[in-house]
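An overview of the molecular structure
Chain by chain, the residues:
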Amino acid sequence: MTRTTGKAWRTGACLAGSLLLVAAAMAQGRAGPAAQEPARAGKLVLWAHPPDVGRTPEEVEAFLARAARSGVDDILVLVKGMSGEIYWQSDRFQDSTAAAWKDADLLELLVPRARKHKIGIHAWLVDFVEGQRSAVYQKNLHWAQLNPAGETTLSETLGVERRPYPYVWMCPAQRPGYTDQWLLPMIEEIARKYDVAGIHHDYVRYPGDVAPDAYCFCDYCLANIPRHAMLQYEARASQRSRVRPVQERLEANWWSDPTVQPPEWDQRDRREKADFLLNGRTTPLGPPDMRYFFYDYRVHQIDRFVRESWDLVKKINPRLEISSAVFRNPVQSARYIGQQWHGWNPWTDFYTPMSYRSHFAGDFETYLERLEETTARQMEWIGRGRPLYAGIATTYLYREEQEPIDNLRAAADRLHAAGADGEERAKAAAAVREGHRVLDGTLRPVSADRSKEIAHLVEAALAPGADRATVESLDKALAELRLRPPAGFYPPEKLTRAIAAAQRGNPDGIAIFSAGSLTREDLWPALEAASREWRR
Ligand SMILES: [Zn+2]
């Protein structure tokens, strides 16, 4: 079924698709009703946030009608967010209910109505992240991941300007801990309580984008990383053996069964243990290879959770699907974030890799080529064993359109900061003029009015003696332009071309991030046209 779905789409012909379906059914040693069904075209999946869905039956209905018109088959709806807040009426986790959803239930509003549109609703959970003030973190500080200094991810900073990192990553390994006491019970409650189509994992990994090699060195992990690799026997633990130099190559003597864990391990502090686990050597004078076991441990912990959630959900209802939003390259993400997802076929119903432009260097044309190549490689990595829907985030397609706004805002900031300083002010003014020239090149063709409005505000800000409020009005207008641009400011062809590029990599469908950005960027009609085209 999986393979057939993809192939039917690629041939674009129902007949060919049906034949493949028959062939697939026969290959599996069964024929029957499945063989008669028309092949489904490639799927269209959509991520949606609670505000996109709405809070009243009318709003929800309008959202679903819009999605159905665009050919959306499945919606991944956020039910547990980055701060650990939840959007359903929970029996057990009421403390975590999002403030604005105390008297409404997103899943209850959405699931039965979606069925009428033949749209499946998947409960999307941000798995291992919590907010600083979240109820579960405050009550269980020791469930958080720790770095070698014994600090949580709240101690991390982002970017060169070192913005504080506002989220706490929870340890996936500890038992009892966050995974078995909080996350799995949440998944169980959703699976029992709602007629959802599935559970969707996100942030199912370690915090490698902010700190690849710093987590987790909590007490549990310090004891269990060496244990996972069996660096020391538990029986006759005091009996140590050295490497026997039988082979000429130093590391070839690994099989002589040396005791790898240093003596007096228990006397070492967290920093020393972490340093050994990252930079130590299995063979004295050999290469510093110890971190291999650290990475393998992390991969094992994430694998284990994916498997456990699969086992749990399938026991409750075998028809429920498990899916995951994953980084684009499973080989590299195994090393950096413990997410070796190309091994998840046994516990996964479909993948939605986030092949977003923000994860690729280069211009738009380069992105299109890399999206195609990456998608083809992803299909190779999983051996086409499960459906894979190429993930495209619409917002990031528009770097060329957004950057001029951001640059002009930065230049206006500089102008403001320069005050009366003649030389600095002249430099900032030149940057504002240049920034405005570039922005107007994209803005004027789509809206003469907005172009005039911005030009007027730029001139006012540049006028000698312009006050703080004048520069602030320009900044406000630019922020508004970023949020609510005129129609056509974001060329819909970019979305159409990204979808076509991903399709050339032969995935089983497309996943779009997100419903809200489709609205902001005025892209629903383009999506509708594209999905109609590929299903012709
Ligand atoms: Zn840990």
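For the structure, check the block above.
Here is a short report on the structure shown in this document. Just so it is clear, the model here is predicted, and its values are computed rather than measured.

A closer look at the overall build of the protein chain
- Along the backbone of the protein chain there are 20 helices and 12 strands.
- A globule of 536 residues ought to have a C-alpha radius of gyration of about 24 Å, and the protein chain, at 27 Å, matches this closely.
- Here the C-alpha coordinates of the protein chain stretch approximately 80 × 75 × 55 Å along the principal axes.
- Residues classed as buried in the protein chain amount to 51% of the 536 residues present.
- By sequence separation, contacts in the protein chain at least 24 residues apart represent 74% of the contacts at least 6 residues apart.
- Element-wise, carbon and sulfur atoms account for 52% of the exposed surface of the protein chain, whose accessible area totals about 25200 Å².
- Of the side chains in the protein chain, 70 bear a positive and 71 a negative charge, and the two mean positions are spaced by 4 Å.

Brief notes about the nonpolar core
- Counting 153 residues, the largest nonpolar core has Ile 75, Leu 107, Ile 190, Ile 392, Leu 495 and Ile 512 as its most contacted members.
- Looking at this core, the element that brings in the most residues is helix 11 (residues 291-316), giving 9 residues.
- Every residue in contact with Leu 495, bar those within four places of it in the chain, is listed here: Ile 392, Thr 394, Leu 397, Tyr 398, Ile 512, Leu 518, Leu 523, Ala 526 and Leu 527.

As for the packing of aromatic side chains
- Tallying each qualifying case throughout the model produces 21 aromatic pairs.
- Here the aromatic rings of Trp 124 and Phe 513 are separated by 6.4 Å at their centres, their planes lie at 75°, and the arrangement is edge-to-face. Of this pair, Trp 124 sits in strand 3 (residues 120-126) while Phe 513 sits in strand 12 (residues 509-513), and the two are 389 residues apart along the sequence.
- Judged by its relative accessible area of 3%, Trp 124 falls in the buried class.
- Pairing Phe 217 with Phe 294 gives two aromatic rings, centres 5.1 Å apart and planes at 10°, and the pair type is stacked. Residue Phe 217 is located in the loop between strand 8 (198-202) and helix 9 (219-229), and its partner Phe 294 is located in helix 11; the two are separated by 77 residues in the primary sequence. One exposure class covers both Phe 217 and Phe 294, and it is buried.
- When the ring centre of Phe 360 is taken as reference, the NZ or CZ atom of Arg 328 above it lies at 4.3 Å.
- Sitting over the ring of Phe 364, Lys 494 keeps its end group 5.0 Å from the ring centre.

Some remarks on the pattern of salt bridges
- Under the counting rule described, the total for this entry stands at 33 salt bridges.
- Between Arg 433 and Glu 459 there is a salt bridge; the shortest N-O distance is 3.6 Å. Here Glu 459 lies in helix 16 (residues 448-462) and Arg 433 lies in helix 15 (residues 422-443), a separation of 26 residues in the sequence.
- A relative accessible area of 45% means that Glu 459 is categorised as partly exposed.
- Of the charged contacts in the structure, one is a salt bridge between Arg 437 and Glu 434, with a shortest N-O distance of 2.9 Å.

Some remarks on the coordination of the zinc ion
- Bound to the zinc ion on the protein side are Cys 171 (SG), Cys 216 (SG), Cys 218 (SG) and Cys 221 (SG), at distances that span 2.2 to 2.4 Å.
- If you look at the zinc ion, its 4 donor atoms make angles of 102 to 116° with each other, and the shape they trace is tetrahedral.
- Mapped onto the sequence, the donors of the zinc ion take the spacing C-x44-C-x1-C-x2-C. Assigned by exposure class, Cys 216 and Cys 221 land together as buried.

Details of the pairing of strand 3
- Most of strand 3 sits out of view: 7 of its 7 residues are buried.
- Both faces of strand 3 are covered, namely the face carrying Gly 120, His 122, Trp 124 and Val 126 and the face carrying Ile 121, Ala 123 and Leu 125.
- Of the strand pairs in this sheet, strand 2 (residues 74-80) and strand 3 are connected by 6 bridges, and their pairing is parallel. Each residue of the ladder has a partner; that of Leu 76, found in strand 3, is His 122.
- Viewed along the sheet, the connection from strand 2 through helix 6 (residues 106-116) into strand 3 turns out right-handed.
- In this sheet, strand 8 lies alongside strand 3 in parallel orientation, the contact comprising 5 bridges. Across the sheet, residue Ala 123 finds its bridge partner in strand 8, namely Ile 199.

Section: the packing of helix 9 against helix 10 (residues 270-279)
- Between helix 9 and helix 10, whose axes approach to 11 Å, the crossing angle comes to 35°. Our pair here, helix 9 against helix 10, has a crossing hand that is left-handed. Contact with helix 9, carried on its side by Asp 219, Leu 222, Ile 225 and Pro 226, involves Arg 270, Lys 273, Ala 274 and Leu 277 of helix 10 and no other residues of that element.
- Taken together, the residues of the contact of helix 9 with helix 10 break down into 5 nonpolar, no polar and 3 charged.

Conventions adopted
Residues numbered from 1 in each chain as written. Predicted model: local features only at pLDDT ≥ 70, side-chain atom pairs only at ≥ 80, totals over all residues. Heavy atoms only, no water. Helix = DSSP H or I, 4+ residues; strand = E, 2+ residues; numbered from the N terminus. Rg over C-alpha atoms; globule rule 2.2 N^0.38 Å. Buried < 20%, exposed > 50% of the residue type's maximum accessible area, 1.4 Å probe, protein only. Contact = heavy atoms within 4.5 Å. Areas by Shrake-Rupley, 256 points an atom, 1.4 Å probe, with all protein chains shown as cover. Lys, Arg positive; Asp, Glu negative; His and termini not counted. Charge placed at Lys NZ, Arg CZ, Asp CG, Glu CD. Core = buried A, V, L, I, M, F, W, Y, C linked by side-chain atoms within 4.5 Å. Phe/Tyr/Trp six-rings, centres within 6.5 Å; stacked < 30°, edge-to-face > 60°. Lys NZ or Arg CZ within 6 Å of the ring centre and 35° of its normal. Salt bridge = Lys/Arg side-chain N within 4 Å of Asp/Glu carboxyl O. Donors = N, O, S within 2.8 Å, 3.2 Å for Na, K, Ca; no water. Tetrahedral: all angles 85-135°; square planar, octahedral: opposite > 155°, others 65-115°. Pairing = 2+ DSSP bridges. Right-handed = clockwise from strand over helix to strand, strands pointing away. Axes fitted to C-alpha atoms, helices over the stretch in contact; angles between N-to-C directions. Left-handed = near helix turned anticlockwise from the far one by under 90°. Nonpolar A, V, L, I, M, F, W, Y, C, P; charged D, E, K, R; others polar.

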